[in-house]
Structure formats: structure tokens, C-alpha cells
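# Breakdown of the fold
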Amino acid sequence: MLHYASQILPSLLSGAWMTIKIFFWTLIASIPLGVVVSLGLTSNIPPLRWILKFYVWLMRGTPLLLQLIFVFYGLPIIGIIFQRYDAAIFAFILNYTAYFAEIFRGGFQAIPRGQYESARVLRLTRGQTLRRIVIPQVVKIVVPSIGNEVINLIKDSSLVYVIGLGDLLRAGNVATARDVTLLPLVLVGIIYLLMTAVATFILRRVEQHYRAWR
Amino acid sequence: MLELKNIKKQFGNRTILNNFNLQVPDGQIVAVVGPSGAGKTTLLRCISGLESVDSGQFLLDDKPFDPANNRDNDNVIGVVFQDFQLFPNLTVLANITLAPQLVLKQSKADSEKRAQELIDQLNLTGKESLYPYQLSGGQKQRLAIVRALAMNPKILCYDEPTSALDPDLRQTVEQIILGLKRDQMTQIVVTHDMQFAKNIADQLVRVEPIKA
């Protein structure tokens, strides 16, 4: 059995690598974009607010699976063609930005007006106020919710099988179907658990870092 | 000297200040008293530029002065808020040095040297590396005062400085305010506490609600 496991492990790990790439790029792009969109959601320019609210509603109100299918199979009809991998990254970033934006919106709204006012009488610019005062406080508030989404993202990444990308789950599925054994799927489960364990550990450390102040 | 001439401030069609006049001579303490809802805090917010006025004029040292758009770092109006509004994510020292470094472009060493002087003066020695949540109410207030003083303000304003404190701390606040007066600091204190106002003020100003 160990021999069999070592035989299929390379293909599982290459699948896991795809999962990690999607995970990584989605986070790198959608967390900062989420901050920007959340600022737009609370801006005092009504048309901007409406457009972004519609975007968030659309992204959160439809299945990610549908969005993946739409980007890869649907958009080419109107001439927008993505490679499989790019389509997956694009759909994931669009989807996760919406969730992160809503989380950050809640965080920003929890900061009392007085914080902006005391920064203003100290002559800090808007940018300095956001960077040095507001965003650190928002991050502290949102880390637990962001953590939830991060864990979800690891598992959601398995949805890319629908557009034919070879991720971890697909690698396990292929091996199970070929060799008529459940072992690959057990290994897949273990690898997902390891990945979420690492993410959980890192998130804990971040939370601890922000525990220095209240 | 700060002068307010015919200041008018409305929220919607509710007039808060109507043709309000005030002179704040250098080095003096002006206490603004009056019932709650009369517009004391609004007056303070207009002076510190957090609200713009509808009409009237501010003069600072005989020159026209617009608090709401003033960006001149020689003419800072410092504010000690009722609930202090310290920055919870920064240590005591960083609360004080943040604006001098970012706005006045002081070096880290200079800003920390000045901060340390003020910390010692206001009896916060040893608290430099604590975070605001670790301070008592009185210490928070003194930190708020130090933070404002570090910007070398022309005038220091207080919004209800006694309301968030235990009654026995009132005297400490009086001593701090009178101590800063000895250093020639011009101060405007909004309070509903008449006795406190009389103890500290060179000039008492009453703000009354305006009948519609």
C-alpha cells in the first residue's frame, strides 16, 4: 500500500501545486481589491456605490461554479477568451473580492468617526490616517472573518475541475477511477487537511500579533 | 489672539450659533459654559475646523484664518476630545510622535525627545511602551493632552475634560490646565461644570440655546 501511495503521490502533489497557485494568486489580488471595493461601497458617490453593490450582490448571489463556467465557456461567445488557468484565477478573484469587500466594509464601519477627527486635528492626510490609524484597526477586526474565507478558498479551489484544470481533487479522482481504490481520495483528504492546518496556523499567528492592543 | 466675529452656524434650518463673538487673548483660559445642547461643542468643532461655519470671520493674530481649511503648521489648533480618541493600535510614545513625524517632518529622535519632555511634564513617565487600553482614565486624558501639545498648537481646546473622569480627578485636570497656562498656553475649555469653569477661567463665556 505504501508502494502504491508513493506511486500516485507525484500526480497528487502536482495537483496540489495547482490548488496552491490558485489559492495564492486569488488571495494576493482579492484582499487588496477587497479593501478598495469596500472603500467604494462606503463612498459618497452614489453611482459608484450602486455599481459596486450590484457587483457584490451578483458575486455572492450566484454559485462560484456558475461563475467559473461562465468565464471559461460563456465569455468566448462575446469574444473574450481566457486560457483555463487564467479563467480560473479571474473568476476566483472576482468572487473572493466581493466577499472580502463585504468583510472590510464591516471593519471600516466599526471605526468610530472620532478616530478620523482626531487624526484630522493632528493634520494627518487622508492617506496617512487610513494607513497608520484606520487600516491596522480594521485588519484586527476582520482577521477572523478573513480566516474563514481563506479556509473556504482552499476547498473552493477544487471547483476548477469543471473547466478541466488538473487540481488536487481531480488528480485523486483520476487515480481512484483508474485503480479502483479509495486510497487516493483518502490521501487527497489528508493533503487538504495539511493545507488548511498550515493556513490555520498562520492565521493564529496573525491574530496573536494583533492581540498586543485592544 | 483668536477672534471670532459674527460666527453663524446652522445644521439644516436649526441655528446653533448666531452672530457669535469671542476674543481669546494669548495665554488666557476661556471657559465656555452653558446647558447641554446649547452649542458648546459645536463652537469648539468650528474653532478646531471639524465643522465649517456658515458666515462670520475668524482672526488669528489679526490675520484672517479659516480653521476648516487651515494647513499652516504654525497655526495648529489642538483638541482634547471628550472621549480622548487615542489611537488604540499605537503605543503611548507612538501616539505622541506620529503626527510630529508625519506632519511636522520631525526626525524620530527629535520627536521622541520632545515627547519625553511632555511625558515627564504630564506625569506619564514609564508608560511610553504601553497601549492606550492599559492606561487609566486620567492617564488617557493626559496622553491626549500630550499628543495635542506635541504639535505645538497655538491654542489647545478641551471638550468636557471632566466628564469622563472620576470626580476626584477634577482637581488634577485643573492643575494641568493651570500649569499649561504658566507656560503661556492659550486654552479654550468647554464644560458644563460651573465650579470647574470658575476655578480655571480668565474669561467665562455663556452659550445659550437659540429659540427658533
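Residues numbered from 1 in each chain as written. Chains lettered and ligands numbered in written order. Predicted model: local features only at pLDDT ≥ 70, side-chain atom pairs only at ≥ 80, totals over all residues. Heavy atoms only, no water.

An unreviewed UniProt entry lists chain B under the name ATP-binding cassette domain-containing protein, from Secundilactobacillus folii.

Per an unreviewed UniProt entry, chain A is named ABC transporter permease subunit, and its organism is Secundilactobacillus folii. As stated in UniProt under Sequence similarities (unreviewed entry), the record for chain A gives "Belongs to the binding-protein-dependent transport system permease family." Under the UniProt heading Subcellular location (unreviewed entry), the note attached to chain A is "Cell membrane". (UniProt positions renumbered as here; feature names shortened; annotations may be inferred.)

Let's shift gears to the sheet that holds strand β2 (residues 14–24) of chain B. All names here are of chain B. Read across the sheet, four strands follow the order β2-β1-β4-β5 without closing on themselves; strand pairing throughout is antiparallel. Strand pairing shows two members of the sheet lacking a second neighbour, β2 and β5 (63–64), which therefore form its edges. Of the strand pairs in this sheet, strand β4 (residues 55–60) and β5 are connected by two bridges, and their pairing is antiparallel. Its bridge partner being in β5, L59 is matched across the sheet by P64. (Pairing = 2+ DSSP bridges. Helix = DSSP H or I, 4+ residues; strand = E, 2+ residues; numbered from the N terminus.)

With that out of the way, let us pick up the domain arrangement of chain B. All names here are of chain B. Taken domain by domain, chain B holds domain 1 (1–75 + 154–212) and domain 2 (88–153). Its C-alpha centre places domain 1 at a distance of 23 Å from the equivalent point of domain 2. Facing 13 residues of domain 1, the contacting portion of domain 2 comprises 13 residues. Around 1,000 Å² of area is buried between domain 1 and domain 2 when both sides are counted, 67% of it from carbon and sulfur atoms. Inspection of the domain 1/domain 2 interface yields zero salt bridges. At the junction of domain 1 with domain 2, the criterion picks out two residue pairs in polar contact (both at pLDDT 80 or more). Mapped onto the side of domain 1 that touches domain 2, the elements with two or more residues apiece are β7 (155–159) and α5 (170–182). A per-class count over the side of domain 1 that touches domain 2 returns ten nonpolar, one polar and two charged. (Domains from an automatic or database assignment. Contact = heavy atoms within 4.5 Å. Buried area = accessible area lost by both parts, 1.4 Å probe. Salt bridge = Lys/Arg side-chain N within 4 Å of Asp/Glu carboxyl O. Polar contact = N/O pair within 3.5 Å; in protein donor to acceptor, adjacent residues only side chain to side chain. Nonpolar A, V, L, I, M, F, W, Y, C, P; charged D, E, K, R; others polar.)

To continue, consider the sheet that holds β7(B). Residue and element names in this part refer to chain B. Spatially, β6-β7-β8-β3-β9 is the arrangement adopted by the five strands of the open sheet, whose pairing is parallel. Looking at strand neighbours, the two that pair on one side only are β6 (77–80) and β9 (203–206), the edges of this open sheet. Across this sheet, the average inter-strand angle for adjacent strands is 20°, counted without regard to direction. One ladder, built from four bridges, connects strand β3 (residues 29–33) with strand β8 (residues 186–190); its direction is parallel. If you follow I29 over to β8, its bridge partner there is Q187. (Axes fitted to C-alpha atoms, helices over the stretch in contact; angles between N-to-C directions.)

Turning our eyes to something else, we now look at the nonpolar core. One broad trend across soluble globular proteins is that nonpolar side chains are buried collectively. Judged by nonpolar contacts, the single largest core of 61 residues is most densely connected at L12(A), F92(A), F104(A), L124(A) and L168(A). The dominant element in this core, judged by the number of residues it contributes, is helix α4 (residues 84–109) of chain A, at eleven residues. Non-local contacts of L124(A), meaning those with residues more than four positions away in its chain, are made with A119(A), T129(A), I133(A), L98(B), A99(B), L102(B) and V103(B). Judged by nonpolar contacts, the second largest core, of 31 residues, contains V80(B), L86(B), V92(B) and L135(B). (Core = buried A, V, L, I, M, F, W, Y, C linked by side-chain atoms within 4.5 Å. Buried < 20%, exposed > 50% of the residue type's maximum accessible area, 1.4 Å probe, protein only.)

Right, let's talk about the environment of D54(B) for a bit. Residue and element names in this part refer to chain B. Tracing the backbone through its elements, the reader meets D54 in the loop between α1 (40–47) and β4. On the accessibility criterion, D54 (45% relative accessible area) is partly exposed. Each C-alpha atom, one on D54 and one on K9, is 5.2 Å from the other, the two residues being 45 residues apart in sequence. Discounting residues that sit within four places of it in the chain, D54 has contacts with K8, K9 and Q10.

Before going further, it helps to examine the packing of aromatic side chains. Residue and element names in this part refer to chain A. For the structure shown, the criterion picks out eight aromatic pairs over all chains. Considering the side-chain rings of F54 and W57, the 5.8 Å spacing of their centres and the 50° angle between planes classify their relative orientation as tilted. Of this pair, F54 and W57 both sit in helix α2 (residues 46–61), three residues apart, which is roughly one turn of the helix. A residue is classified by how much of its surface remains accessible, and F54, at 46% relative accessible area, is partly exposed. Where F72 meets Y73, the ring centres are 4.8 Å apart and the plane angle is 75°; that geometry is what we call edge-to-face. The buried category is assigned to F72, whose relative accessible area is 14%. By relative accessible area, which is 45% here, Y73 ends up partly exposed. Members of the aromatic cluster, joined through ring pairs, are F92, Y96, Y99 and F100. K21 extends its terminal NZ or CZ atom over the ring of Y85, reaching a point 5.0 Å from the ring centre. (Phe/Tyr/Trp six-rings, centres within 6.5 Å; stacked < 30°, edge-to-face > 60°. Lys NZ or Arg CZ within 6 Å of the ring centre and 35° of its normal.)

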